[in-house]
Amino acid sequence: MAFLRSIFATKQITRQSLTTESSTPKGFLAVYVGENMKKKRFFVPVYYLSKPSFQALLREAEEEFGFDHPTGGLSLPCDEAFFVTVTSQIR
């Protein structure tokens, strides 16, 4: 059952990343993931901020970018596949 929830959560995050709206939905945080010119915007639930695996991504972002993110938003220094793997394991 937990596996199905993680698949649903991954699909929800991915589906929301494909929307064309410019605003971030309430209760979500916009992050940019991927290579420099091919960054993709994802919306993740704010409760991810309290999860150790997501906090590790945030620490890596701080080490690489500091507080000056090139996209003007929060950029995570990982590829899309790794990001989806990490976020799909968060419950």
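Since this is a predicted model, take the numbers as computed values, not measurements.

What counts and how
Residues numbered from 1 in each chain as written. Predicted model: local features only at pLDDT ≥ 70, side-chain atom pairs only at ≥ 80, totals over all residues. Heavy atoms only, no water. Pairing = 2+ DSSP bridges. Helix = DSSP H or I, 4+ residues; strand = E, 2+ residues; numbered from the N terminus. Axes fitted to C-alpha atoms, helices over the stretch in contact; angles between N-to-C directions. Buried < 20%, exposed > 50% of the residue type's maximum accessible area, 1.4 Å probe, protein only. Polar contact = N/O pair within 3.5 Å; in protein donor to acceptor, adjacent residues only side chain to side chain. Expected span 1.5 Å × (residues − 1). Arc of directions from axis to C-beta. Contact = heavy atoms within 4.5 Å. Core = buried A, V, L, I, M, F, W, Y, C linked by side-chain atoms within 4.5 Å. Salt bridge = Lys/Arg side-chain N within 4 Å of Asp/Glu carboxyl O.

Peer 1: What should I look at first to understand the sheet that holds strand S2 (residues 40–45) in this one?
Peer 2: Strand pairing in a sheet relies on backbone hydrogen bonds. The paired strands run either parallel or antiparallel. Pairing in this open sheet of 3 strands is mixed, and the strands run S2-S1-S3 from one edge to the other. Every interior strand has two partners, whereas the edge strands, S2 and strand S3 (74–76), have only one. Here the average twist between neighbouring strands, direction ignored, is 40°. Taken together, the 6 bridges between strand S1 (residues 28–33) and S2 define a ladder with antiparallel strand orientation. The residue of S2 that forms the bridge with Val 31 is Phe 42.

Peer 1: Mind showing me how you'd approach the side chain of Thr 87 here?
Peer 2: By the element assignment, Thr 87 lies in helix H3 (residues 80–88). You can call Thr 87 buried: its relative accessible area is 2%. Within the structure, Thr 87 has its side chain in polar contact with the backbone oxygen of Val 84 (distance 3.3 Å).

Peer 1: Where do I start with helix H2 (residues 52–65) in this structure?
Peer 2: For an α-helix, 3.6 residues make a turn, and residues three or four places apart therefore share a direction. The terminal C-alpha atoms of H2, which comprises 14 residues, lie 20 Å apart, in line with the 20 Å expected from a rise of 1.5 Å per residue. Among the residues of H2, those classed as buried are Phe 54, Leu 57, Ala 61 and Phe 65. The arc that holds the buried residues of H2, viewed along the axis, is 55°, so those residues lie on one side. Every exposed residue of H2 that faces more than 90 degrees away from the buried side is listed here: Pro 52 and Glu 63. Buried residues belonging to H2 abut S1, S2, S3 and H3. Two residues or fewer after H2 comes Gly 66, characterised by a positive phi angle close to 65°.

Peer 1: Sorry if this is basic, but what is going on with the nonpolar core here?
Peer 2: Proteins that are soluble and globular tend to have nonpolar side chains buried together. Within the largest apolar cluster, 15 residues are counted, with the highest numbers of intra-cluster contacts made by Val 31, Val 33, Phe 54, Leu 57, Leu 76 and Phe 83. Secondary structure elements with two or more residues in this core: S1, S2, H2, S3 and H3. Per-element accounting of this core gives the leading share, 4 residues, to H2.

Peer 1: I keep staring at the pattern of salt bridges and nothing clicks. Help me out?
Peer 2: It is possible for side chains bearing opposite charge to pair when their charged atoms get close. Following the criterion strictly, the structure yields 1 salt bridge and no others. In this structure, Lys 40 engages Glu 80 in a salt bridge whose closest nitrogen and oxygen atoms are separated by 3.3 Å. Of this pair, Lys 40 sits in strand S2 while Glu 80 is found in helix H3, placing the two residues 40 residues apart along the sequence. Overall, Lys 40 belongs to the partly exposed group, its relative accessible area being 22%.

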